[in-house]
Amino acid sequence: MTTAAVRWAGGLLAVLLTMVVGLSVVAAAEEEESGAPQGLVTALDGERVPPEYLQWIERAGKECKAVSAPLIAAQIAAESNWNPTAQSSAGAQGLSQFLPGTWKTWGVDAAGKDGGSEPDGVADPFTPGDAIMTQARYDCWLASKVTAMGLGGDPTRLILAAYNAGPGAVEKFEGLPPYPETQNYVSKIVASMADYSGDMAVEDGGTFGNRVVAYAKKWLGTPYAWGGGGPEGPGRGFAQGAGTVGFDCSSLVQYAVYHASSGRTLLPRTSQTQVTEGREVARDDMRPGDVIGFDLHGSYDHIGIYLGHGQFIHAPKTGDVVKISDLDDSYYTSRPQKVRRFG
């Protein structure tokens, strides 16, 4: 918990003590899909997790459906950089950076100080097993809180915003609070979750392709906004995207390729024109960073970026978010496709 949490920790503690722990112009209409799968990865890639914490991260990732091991790991890396003795200037402590007041309510005795898997009778924020399992249970409670708010959008981003700034702030602003600290915190963790995901094992797309992938994944969980976004980043949409700041499918591709090329390649704004740019690539020869267009409604009206291992990242439709889906899903395999390579 970082300093933004100080604004609400006192009031939240009083409430928590009475509760039981529970655990986005042209040619964008294509993305009004139905039934496209999420395909989000949840398996843990243990090579990036310090081995002494691996069993606890895996266990924590099973605490509830809303919380995965990669989420727990990416949070810890952002909070303390895997330092179990970390202490912030605001008084946050341990791997998961709990403030003392919040720890008093949520602290779990899950492990011994020696790293053993048996409780030792003391819930200690500086004991890694205790901190990790407390973090998981707290994340699960936050998941139930933000779900009950009925805000829509990506629940993982809302959980993280609540962890950093408090659920009260998420409710007040009906989504991500406008605090720069919180917005940076959420973006950083969402972007780094793939680093801890086993199902996202590295498939080399070359220097340029890998950069395209990295710039696209930076915006995982960002709202879909019809007509919104561009090379400068997320933007306010219009028509059915009015009022929403985010990307549509073609603006996400435009952004990622533009930044991967350091501003040298500015693609056209629509998916129909983007699939005429670059070099044509056979589908069987795709590599990460290639752009793949789909003919969904009589033209190449949807587009995404190949990640490797049969997955691609895209902004699917109104009401959804930038996410990862499977190319093998019948919704996509039944449509004509074109693959282009840039860089």
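The structure contained in this document is the topic of the report that follows. (Residues numbered from 1 in each chain as written. Predicted model: local features only at pLDDT ≥ 70, side-chain atom pairs only at ≥ 80, totals over all residues. Heavy atoms only, no water.)

Some points on the pattern of salt bridges
Here the idea is simple: oppositely charged side chains can pair when their charged atoms come close. One pass over the structure, following the stated rule, counts five salt bridges. A salt bridge links Glu 280 to Arg 340, with the shortest nitrogen-to-oxygen separation between them at 4.0 Å. Separated by 60 residues along the polypeptide, Glu 280 in strand 3 (residues 279-281) and Arg 340 in strand 8 (residues 337-341) bring together distant segments of the chain. On the accessibility criterion, Glu 280 (66% relative accessible area) is exposed. (Salt bridge = Lys/Arg side-chain N within 4 Å of Asp/Glu carboxyl O. Helix = DSSP H or I, 4+ residues; strand = E, 2+ residues; numbered from the N terminus. Buried < 20%, exposed > 50% of the residue type's maximum accessible area, 1.4 Å probe, protein only.)

Considering the state of the cysteines
Overall, the coordinates contain one disulfide when judged by the stated rule. Each sulfur of the disulfide joining Cys 64 and Cys 140 lies 2.1 Å from the other. Between Cys 64 and Cys 140, the S-S dihedral sits near -100°, and the bridge is therefore left-handed. With Cys 64 in the loop between helix 2 (54-60) and helix 3 (69-80) and Cys 140 in helix 5 (residues 128-148), this residue pair connects regions lying 76 residues apart in the sequence. Each member of the pair, Cys 64 as well as Cys 140, carries the same accessibility label: buried. (Disulfide = S-S within 2.5 Å.)

Quick notes on helix 5
A rise of 1.5 Å per residue sets the reference length of helix 5, with its 21 residues, at 30 Å; its end C-alpha atoms lie 30 Å apart and thus fit the reference within 8%. In terms of residue burial, helix 5 counts as a mostly covered element, since 16 of its 21 residues are buried. Among the residues trailing helix 5, Gly 150 stands out with phi positive, at a value near 60°. (Expected span 1.5 Å × (residues − 1).)

Quick notes on unusual backbone geometry
Residue Ala 239 is not a glycine yet carries a positive backbone phi of 55°. Unlike most non-glycine residues, His 309 shows phi in positive territory, near 55°. Looking at where His 309 falls in the secondary structure, it is placed in the loop between strand 5 (300-308) and strand 6 (311-314). With a relative accessible area of 45%, His 309 lands in the partly exposed category.

Here we look at helix 8 (residues 180-192)
Counted at 1.5 Å a residue, the expected span for helix 8 with its 13 residues is 18 Å, and the 18 Å between its end C-alpha atoms agrees. Taken residue by residue, helix 8 has Thr 182, Tyr 185, Val 186, Ile 189, Val 190 and Ser 192 as its buried positions. Buried residues along helix 8 sit against helix 3 and helix 6 (155-165). (Contact = heavy atoms within 4.5 Å.)

Considering the packing of aromatic side chains
The description of two aromatic rings rests on the distance between their centres and on the angle between their planes. Applying the stated criterion across every chain yields a total of 18 aromatic pairs. Between Trp 106 and Trp 141 the ring centres are 5.2 Å apart and the planes differ by 50°, which places this aromatic pair in the tilted class. With a gap of 35 residues between them, Trp 106 in helix 4 (residues 100-106) and Trp 141 in helix 5 connect regions that are remote in the sequence. Judged by its relative accessible area of 5%, Trp 106 falls in the buried class. Between Tyr 138 and Trp 141, the aromatic rings sit 6.0 Å apart at their centres with planes inclined by 15°, giving stacked as the arrangement. Residue Tyr 138 and its partner Trp 141 are both found in helix 5; the two are separated by three residues, about one turn of the helix. There is no split in this pair, since Tyr 138 and Trp 141 are both buried. (Phe/Tyr/Trp six-rings, centres within 6.5 Å; stacked < 30°, edge-to-face > 60°.)

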